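Coordinate analysis (summary)
Next come the chains, spelled out residue by residue.
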Amino acid sequence: MTVARHVVFPALRLLVWAVIAAALVKLAFFGGAAAAPAGPVDVPGAVFTDPVATVTTGTVSNTITVDATVRADPAVEAKATMEGTVGYLAVADGAHVEAGAAVLEIRQEVPVDPVERVDADGNVTVVEHKPRIKRSTVTAPVAGTVSLRVLRDQQVGIGDVVAAVTPGTFSVTGPLTAEQQYRLLDAPSEASVEVRGGPAPFTCTGLTTGTEVTPGAGAPTVPGDPFAPPAEPSATVEVRCAVPADVTVFPGLAGTMTVTAGQASDVLVVPVTAVQGLFATGNVWVVVAEGAEPTKTSVGLGMTDGQVVQITEGLAEGDTILEFIPVGDVPPVGGQEMMVGRGF
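These figures come from a predicted structure and were not determined experimentally.

What about the packing of aromatic side chains?
Following the criterion strictly, the structure yields one aromatic pair and no others. For the pair Tyr-182 and Phe-279, a centre-to-centre distance of 4.7 Å together with 35 degrees between the ring planes defines the contact as tilted. Here Tyr-182 is found in helix H2 (residues 178-183), whereas its partner Phe-279 is found in strand E18 (residues 276-279), with 97 residues between them in sequence. Note on Tyr-182: relative accessible area 46%, which makes it partly exposed.

Here it is as structure tokens:
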């Protein structure tokens, strides 16, 4: 027993440690690679294909919604159409007038040439005539509250502002993006407006689009820096319509304006992401066969709702096109090309 404890067991422990050391050396220097299989090997991977879309028929409603604000309509100026002197004021400052009502009169003295008369004895007499008085009445351009800008007997020139009339009416306005401007080229005459915290949605009329210029007002481009150059005027394209007289609103109220500029039913449609260009004409990439290079094709475009666009020519129902514009045909942004999905 003593021999086993002092000789045999230590020898066995040394043998076990030797086997473990040999295994570690093999793993460290030979990798423990398994034998290669005899048959073919499946390599993990993925096959990437461009997403495609099919030309289908559907209904397109050209409806846009913009954030809108209620604004008081500005005063309308009344200008002198003749040089002269303010003869009389037909209304008092602050009075309410109707459109076309007389506000004031401008008088102008026109000299009359003297007349020479010869009597029977040949004596010549010069007869002077009083100047002829020419009158011009300035009327209110709109109904509202008049504000006089001149005094009686004041001299005025053609084009001088002699009065202004504040109509007391309101309009709803909202900014338009470039895409929305294209969609409103054939804008309707009315829109639906909902004012937050106000009356029920109502219809506003006289819808127009135009450019609103905000003057720089001499404010510096860097606040707090008196030596900074003044801010330049900015221009924003807006849509505007008139609030009905029986609807109660206040300046500054916020809401939304919804304009529907037409609808097309049972027409060919494709996703807007598939079209390069979204007004009148565009390009799509037609997939003619699996594995073949897509063909760039010109198409005619109609209405869009921001998700799909109407195809008026160049494609047929059932055609397959790329769902997104190929990367190489997207304009570079910041020097890098990128894949984008386009829409309103």
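Still more to cover.
With respect to the nonpolar core
Ranked by internal contacts, the top residues of the largest apolar core, which has 21 residues, are Val-172, Val-193, Phe-202, Leu-207, Cys-241, Met-257 and Val-259. Broken down by secondary-structure element, the contributors of at least two residues to this core are strand E2 (56-72), strand E14 (190-195), strand E15 (202-214), strand E16 (234-242) and strand E17 (254-271). The element best represented in this core is E2, accounting for four residues. Of all hydrophobic cores here, the second largest spans 18 residues; its members include Ala-80, Met-82, Leu-104 and Val-162.

Some details on the confidence of the model for the protein
The share of residues in the protein with pLDDT of 70 or more is 79%, and the mean pLDDT across the chain is 83. Confidence drops under a pLDDT of 50 for residues 331-344, and excluding neighbours within four residues, the segment shows 28 contacts in the predicted structure.

Brief notes about the state of the cysteines
Counting across every chain of the model gives one disulfide. Residue Cys-204 pairs covalently with Cys-241 via a disulfide, S to S 1.8 Å. Between Cys-204 and Cys-241 the disulfide shows an S-S torsion of about -75 degrees. By sign, it is left-handed. Taken together, the residues span a long stretch of sequence, with Cys-204 in strand E15 and Cys-241 in strand E16 at a distance of 37 residues. Exposure remark for Cys-204: the relative accessible area of 0% places this residue in the buried category.

Describing the sheet that holds strand E3 (residues 76-79)
An order of E3-E12-E10-E5 is seen for the four strands of this open sheet, with the pairing classed as antiparallel. In the strand order of this sheet, the two ends are held by E3 and strand E5 (96-97), each with one partner. In the sheet, E3 pairs with strand E12 (residues 161-166) via four bridges, with the strands oriented antiparallel. Each residue of the ladder has a partner; that of Val-76, found in E12, is Val-165.

Some remarks on unusual backbone geometry
In the Ramachandran plot, Asp-153 falls in the positive-phi region, its phi being about 70 degrees despite a non-glycine side chain. Relative to the helices and strands, Asp-153 resides in the loop between strand E10 (144-148) and strand E11 (155-156). A positive phi angle is found at Asp-266, which is not glycine, with a value near 50 degrees. Within the secondary structure, Asp-266 is located in strand E17.

Some points on the pattern of salt bridges
This structure, assessed with the given rule, holds three salt bridges. Glu-105 is the partner of Arg-135 in a salt bridge, and the nearest nitrogen-oxygen pair spans 3.6 Å. With Arg-135 in strand E9 (residues 132-139) and Glu-105 in strand E6 (residues 102-110), this residue pair connects regions lying 30 residues apart in the sequence. Ionic contacts of the salt-bridge type, sharing partners, join the residues Glu-105, Arg-107 and Arg-135 into one network.

Considerations on the sheet that holds strand E4 (residues 84-89)
Strands sit in the order E9-E6-E4-E11 across an open sheet of four strands; the sheet is antiparallel. Pairing within the sheet leaves two strands with one partner each, and these edge strands are E9 and E11. Relative to E9, E6 is paired through eight bridges, and the arrangement is antiparallel. When the bridges of E9 are listed, Arg-107 appears paired with Arg-135.

Concerning a nonpolar patch on the surface
Together, Val-16, Trp-17, Ile-20 and Leu-24 make up an exposed nonpolar region whose accessible area comes to about 440 Å². Checked against the element boundaries, Trp-17 lands in helix H1 (residues 2-30). Residue classification places Trp-17 among the exposed positions, given a relative accessible area of 60%.

Thoughts on the side chain of Thr-304
By secondary structure assignment, the location of Thr-304 is in strand E20 (residues 295-304). When its relative accessible area of 3% is taken as the criterion, Thr-304 is described as buried. Polar contacts involving the side chain of Thr-304 include one to the main-chain amide nitrogen of Gly-306, which spans 3.1 Å.

Examining the pairing of strand E21 (residues 308-313)
The pairing of E17 with E21 spans four bridges and is classified as antiparallel. From the neighbouring strand, Val-270 faces E21, where its bridge partner is Val-309. Where E20 lies against E21, three bridges are found, and the strand directions are antiparallel. Looking at the pairing, Gly-300 lines up with Glu-313 of E21. From the end of E20 to the start of E21, which pair antiparallel, there are three residues, and Gly-306 there has a positive phi angle of about 95 degrees.

A word on the environment of Ser-189
Residue placement: Ser-189 occurs in the loop between H2 and E14. With 70 residues separating them along the chain, Ser-189 and Val-259 place their C-alpha atoms 9.3 Å apart.

The rules we used
- Here the residue numbers are simple positions, counted from 1 along each chain's written sequence.
- Totals for whole chains, interfaces and linings use all residues, but because this is a predicted model, local features are given only for residues with pLDDT of at least 70 and pairs of side-chain atoms are given and counted only at 80 or more.
- Side-chain figures throughout are based on the complete set of non-hydrogen atoms in the structure, without hydrogens or water.
- To pair, rings of Phe, Tyr and Trp, with the six-membered ring standing in for Trp, must have centres within 6.5 Å; the planes then decide the type, stacked if under 30 degrees apart, edge-to-face if over 60, and tilted in the middle.
- Numbering of helices and strands runs from the N terminus; a helix is a DSSP stretch of H or I covering at least four residues, while a strand is a stretch of E covering at least two.
- Summary of the burial criterion: residues with accessible area below 20% of their type's maximum are buried, those above 50% are exposed, and those between are partly exposed, where the area comes from a 1.4 Å probe applied to protein chains only.
- For this analysis, a nonpolar core means a set of buried residues of the types Ala, Val, Leu, Ile, Met, Phe, Trp, Tyr and Cys, connected via side-chain atoms within 4.5 Å.
- Per-residue confidence from the prediction method is given by pLDDT, with values spanning 0 to 100.
- Any pair of residues with heavy atoms lying within 4.5 Å of one another is described as a contacting pair.
- Disulfides are defined in this document as cysteine sulfur pairs within 2.5 Å.
- Two strands qualify as a pair provided DSSP detects at least 2 bridges between them.
- For this analysis, a salt bridge means a side-chain nitrogen from Lys or Arg found within 4 Å of a carboxyl oxygen belonging to Asp or Glu.
- Patches were defined on residues exceeding 30% relative accessible area and lacking a salt bridge, with like-charge contacts within 9 Å and nonpolar side-chain contacts (Val, Leu, Ile, Met, Phe, Trp, Tyr) within 5 Å.
- Here the open area of atoms and residues is found with the Shrake-Rupley method and a 1.4 Å probe, where only the protein chains shown may cover a residue.
- By the criterion applied in these results, polar contacts are pairs of N or O atoms within 3.5 Å in which, for protein atoms, one can donate a hydrogen and the other can accept it, and in which residues neighboring in sequence qualify only through two side-chain atoms.

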